[in-house]
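# An overview of the molecular structure
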Amino acid sequence: IVLTRDDRGAGFFGTDPAPLMRFSPSGAVVDTIAMIERAPTWVVEELLAEHPLHGWHDLSWLPVTASPDGASVVLTGNVQVAGGQSSFELLTIGIEGDTLLQRSISYEPKPVTRTQRDRLREEFAAYHAGDFSPSRGQGPGQPQDGPAMERRRQEARDAISFPEFHPPVRKVVAGHDGSMWLLRELTEDRIDHWEVYDAGGERIGTLHVGEGRSSELPWGPRMRILRATTEEVWATTLGEYDVPLVHRYQVIRGCQ
């Protein structure tokens, strides 16, 4: 299942409805499940690179994931930024195209501050220069030398621009018990805020993750959730020398 992303705009991919398509195991298009309303997703077109404020490791520009049983997809979209009435939709769509859940969630838009822009611009420049590439044998904060790398850094600094507000959801994970896990906005302290919703779209809890990393990118999620229920979470992080580490967390319910 993939969400097409070929309607390029100026600095972002457009807001027109996008087809949610189903593919066979051989890669043939089976049908279009639904047309999805979405908000602009920022990219750095000059460099053909995803923007740091977009969720990484996703298969599409819109946060979307298949349920573990393959019977439905869970996604967010139709972001509305309108003063005190901002909202986005949490959707579950069956594999045949029927809408199983459609819930509007109110939220307060978070502006992208100057401090965040400056920090992300420099991190994006370092990424574009290859500072975080494992193939170069260097880690974050270890710059590449030479005029060619400095030109790449400056090219990235000049190319990147920022939306006024953070996208409200960076990533979606479908739980094995019908729960839905939404990774919210990137914060300055880089603490991941996961909101947990039940199968009916009611928020039942929040998970805060302040340690770990799931990729070489400094703006990436702290951990990559592989399996989640309201009882436990299985996830991976990267340890020393980028060795993957597997974690199992117990969810203690009833806490305030």
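The model shown is predicted, which means the values in this text are computed figures rather than measured ones.

## Thoughts on a nonpolar patch on the surface
A contiguous nonpolar patch, built from Leu-226, Trp-234 and Val-246 and spanning about 290 Å² of accessible area, is present on the exposed surface. Among the secondary structure elements, Leu-226 is positioned in strand S15 (residues 224-228).

## Notes on the environment of Gly-130
Turning to its location among the elements, Gly-130 is positioned in the loop between helix H1 (114-128) and helix H2 (147-159). Its relative accessible area of 8% is what places Gly-130 among the buried residues.

## Quick word on unusual backbone geometry
The phi dihedral of Asn-78 is positive, around 50°, even though this residue is not glycine. Mapped onto the elements of the fold, Asn-78 is located in strand S8 (residues 72-80). Notably, Asp-242 is not glycine yet its phi reads approximately 60°, a positive angle. With respect to the helices and strands, Asp-242 occurs in the loop between strand S16 (232-238) and strand S17 (244-250).

## Things to note about the environment of Ser-86
By the element assignment, Ser-86 lies in the loop between S8 and strand S9 (87-94). Separated by 19 residues in sequence, Ser-86 and Ile-105 place their C-alpha atoms 8.5 Å apart. A distance of 3.1 Å separates a polar atom in the side chain of Ser-86 from the backbone nitrogen of Ala-82.

## Topic: the sheet that holds strand S10 (residues 99-106)
Spatially, four strands are ordered S7-S8-S9-S10 in an open sheet, and the strand pairing comes out antiparallel. Of all the strands in the sheet, just strand S7 (64-66) and S10 have a single pairing partner and so form its edges. Strand-to-strand twist in this sheet, taken as the mean axis angle between neighbours without regard to direction, amounts to 15°. Where S8 lies against S9, seven bridges are found, and the strand directions are antiparallel. Note on S9: the bridge partner recorded for Thr-76 is Leu-90.

## A few points about the packing of aromatic side chains
Tallying each qualifying case throughout the model produces three aromatic pairs. Look at Tyr-127 and Trp-219: their rings are 6.0 Å apart centre to centre, the planes differ by 85°, and that puts the pair in the edge-to-face class. Taken together, the residues Tyr-127 in helix H1 and Trp-219 in the loop between strand S14 (203-209) and S15 connect sequence positions 92 residues apart. Overall, Tyr-127 belongs to the partly exposed group, its relative accessible area being 29%. The class of Trp-219 is buried, set by a relative accessible area of 1%.

Analysis parameters
Residues numbered from 1 in each chain as written. Predicted model: local features only at pLDDT ≥ 70, side-chain atom pairs only at ≥ 80, totals over all residues. Heavy atoms only, no water. Patch = residues over 30% accessible without salt bridge, like charges linked within 9 Å, V, L, I, M, F, W, Y side chains within 5 Å. Areas by Shrake-Rupley, 256 points an atom, 1.4 Å probe, with all protein chains shown as cover. Salt bridge = Lys/Arg side-chain N within 4 Å of Asp/Glu carboxyl O. Helix = DSSP H or I, 4+ residues; strand = E, 2+ residues; numbered from the N terminus. Buried < 20%, exposed > 50% of the residue type's maximum accessible area, 1.4 Å probe, protein only. Polar contact = N/O pair within 3.5 Å; in protein donor to acceptor, adjacent residues only side chain to side chain. Pairing = 2+ DSSP bridges. Axes fitted to C-alpha atoms, helices over the stretch in contact; angles between N-to-C directions. Phe/Tyr/Trp six-rings, centres within 6.5 Å; stacked < 30°, edge-to-face > 60°.

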